[in-house]
Amino acid sequence: IAKIVHEKNLQSTEQKINYFKSKKRIGLDMTFSHAKDLSVLCLLYDNRAHEIVRDEMKKMVDKVNEHLIYTRGYTETGERVREKAEALIQVFEHHTTRSLDPELHYHCFVSNTVLRSRDNALVSLSSEKLFDASHTLRIETNYRLASRLMNELGFNAYLDHRGALRVSEDDRI
């Protein structure tokens, strides 16, 4: 989401809302990429680390559906409100970049059509909460991954200055 905001030069909240509420969009692609060191570790050396990454991605998707999926609605007096909904979120795991370098990454495609909780009606996604939370979700997921890789597998795992997860197989703690 942050990449789209940057590429489209969407600066104000109003610009972001107008772009993402477009009826032409079938959904949002939230991409979670991992550093090459973690990608190599998971894909070539330690399937246990790969399973931990998959498990944490599933938890993140569940958290998105539980806490961040809403639609816009109106009260009887015409006041705008957000209403809880559920989304179809498809997760695609990829192992390489376009140039075939190792890069474990996930495309989490959030459908623009969501199921409103109160009446099970199919309505449009209100994506503001996803925008606001995308960076925090990435850091929280990376933090949990680092903790599990250290505690369960004994790897030296940490977050760098950007919040990206780094891991070293050579420097086991």
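Residues numbered from 1 in each chain as written. Predicted model: local features only at pLDDT ≥ 70, side-chain atom pairs only at ≥ 80, totals over all residues. Heavy atoms only, no water.

A. Structural detail: helix 3 (residues 36-45). The set of residues buried in helix 3 consists of Leu38, Ser39, Leu41 and Cys42. Along the long axis of helix 3, the arc covered by the buried residues comes to 165°, so they all point the same way. Of the exposed residues in helix 3, those oriented more than 90 degrees away from the buried face are Leu44 and Tyr45. On its buried face, helix 3 is in contact with helix 4 (47-67), strand 4 (102-116), helix 5 (128-153) and strand 7 (165-168). (Buried < 20%, exposed > 50% of the residue type's maximum accessible area, 1.4 Å probe, protein only. Helix = DSSP H or I, 4+ residues; strand = E, 2+ residues; numbered from the N terminus. Arc of directions from axis to C-beta. Contact = heavy atoms within 4.5 Å.)

B. Summary view of the confidence of the model for the chain. Averaged over all residues, the pLDDT of the chain equals 85, while 89% of them reach at least 70. The weakest mean pLDDT in the chain belongs to helix 1 (residues 2-7) at 65; the strongest belongs to helix 4 at 94. (pLDDT = per-residue confidence, 0-100.)

C. The pattern of salt bridges, seen in detail. Counted according to the given criterion, the structure contains 17 salt bridges. Across the pair Lys58 and Asp62 runs a salt bridge, and its minimum N-O distance is 3.0 Å. Remark: Asp62 and Lys58 occur in helix 4; sequence separation between them is four residues, near one turn of the helix. The salt bridge partner of Arg148 is Glu152, with a shortest N-O separation of 2.8 Å. (Salt bridge = Lys/Arg side-chain N within 4 Å of Asp/Glu carboxyl O.)

D. Looking closely at unusual backbone geometry. Positive phi is not limited to glycine here, since Leu100 has a value of about 70°. Tracing the backbone through its elements, the reader meets Leu100 in the loop between strand 3 (80-96) and strand 4. Although it is not a glycine, Asn120 adopts a positive phi angle of roughly 60°. Relative to the helices and strands, Asn120 is located in the loop between strand 4 and strand 5 (122-124). Judged by its relative accessible area of 53%, Asn120 falls in the exposed class.

E. Broad picture of the pairing of strand 2 (residues 70-74). Here five bridges tie strand 2 to strand 3, and the two strands are oriented antiparallel to one another. Bridge pairing in strand 3 places Gly73 opposite Val81. Hairpin connection between strand 2 and strand 3: a loop of five residues separates the two successive antiparallel strands, and Gly78 in this loop has a positive phi of roughly 90°. (Pairing = 2+ DSSP bridges.)

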